[in-house]
Amino acid sequence: MIKFFLMVNKQGQTRLSKYYEHVDINKRTLLETEVIKSCLSRSNEQDFKLIYRQYAASFIVVGVNDTENEMAIYEFIHNFVEVLDEYFSRVVSLMIMFNLDKIHIILDEMVLNGCIVETNRARILAPLLILDKMSES
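Residues numbered from 1 in each chain as written. Predicted model: local features only at pLDDT ≥ 70, side-chain atom pairs only at ≥ 80, totals over all residues. Heavy atoms only, no water.

Summarise the overall build of the protein chain; cite the residues concerned and give the values.
Tallying secondary structure elements over the protein chain gives five helices and six strands in all. Along the protein chain, from the amino end to the carboxyl end, the secondary structure elements read β-β-α-β-β-α-α-α-β-β-α. The globule rule puts the C-alpha radius of gyration for 137 residues at 14 Å, and the 15 Å found for the protein chain is close to it. Along the three orthogonal principal directions, the C-alpha set of the protein chain runs to about 50 × 30 × 25 Å. Looking at the protein chain as a whole, 37% of its 137 residues are labelled buried. Per element, the accessible surface of the protein chain, about 8100 Å² overall, is 52% carbon and sulfur. (Helix = DSSP H or I, 4+ residues; strand = E, 2+ residues; numbered from the N terminus. Rg over C-alpha atoms; globule rule 2.2 N^0.38 Å. Buried < 20%, exposed > 50% of the residue type's maximum accessible area, 1.4 Å probe, protein only. Areas by Shrake-Rupley, 256 points an atom, 1.4 Å probe, with all protein chains shown as cover.)

Structural data, given as structure tokens:
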């Protein structure tokens, strides 16, 4: 089960965070700092597994419990990036910051209560495309 999902730049600034287990607001900043340090130093001393990939200047970090299949999470991360590429054409850090609502919609279509529920790109993007059509008219 997925505990949290983070997108972080190389400077250690969190660009997107989504939690699937309750974490107090005060503890989130501390957790994110520890996770970023762990990714940059490539060590893991938490009670959960960190699975992350680096794409250009961003890290996508997923915290999971010990029973989760790591390869499935790597595929999920890659699929998430492909969906972003398909929708935005080219994903850069500024695009993430200015379109957080759309990125949250994409993530919500893919993950429900910490479980991956959808991987089909067309189904993931369908609600966004409908919203785009509605906003044009």
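Read on for the rest.
Please provide a residue-by-residue account of the nonpolar core, values included.
Membership of the largest hydrophobic core comes to 27 residues, with the highest contact counts inside it found for Phe5, Phe76, Phe80 and Ile106. If you list the elements that add at least two residues to this core, you get strand E1 (2–9), strand E4 (58–64), helix H2 (70–88), helix H4 (100–110) and helix H5 (121–136). Here this core gets nine residues from one element, more than from any other, and that element is H2. Not counting residues within four places of it along the chain, the set of residues in contact with Phe80 comprises Phe5, Met7, Ile60, Ile103, Ile106, Leu107 and Met110. Counting twelve residues, the second-largest nonpolar core is a separate cluster that includes Val8, Leu31, Leu50 and Phe59. (Core = buried A, V, L, I, M, F, W, Y, C linked by side-chain atoms within 4.5 Å. Contact = heavy atoms within 4.5 Å.)

Give a detailed account of the side chain of Glu32, specifying residues and quantitative values.
Tracing the backbone shows Glu32 in helix H1 (residues 25–41). Salt bridges are absent for the buried Glu32, whose nearest opposite-charge side chain, Arg28, sits at 6.3 Å. Those residues in contact with Glu32 that lie beyond four places of it in its chain are Leu6, Thr14, Ser17 and Tyr19. (Lys, Arg positive; Asp, Glu negative; His and termini not counted. Salt bridge = Lys/Arg side-chain N within 4 Å of Asp/Glu carboxyl O.)

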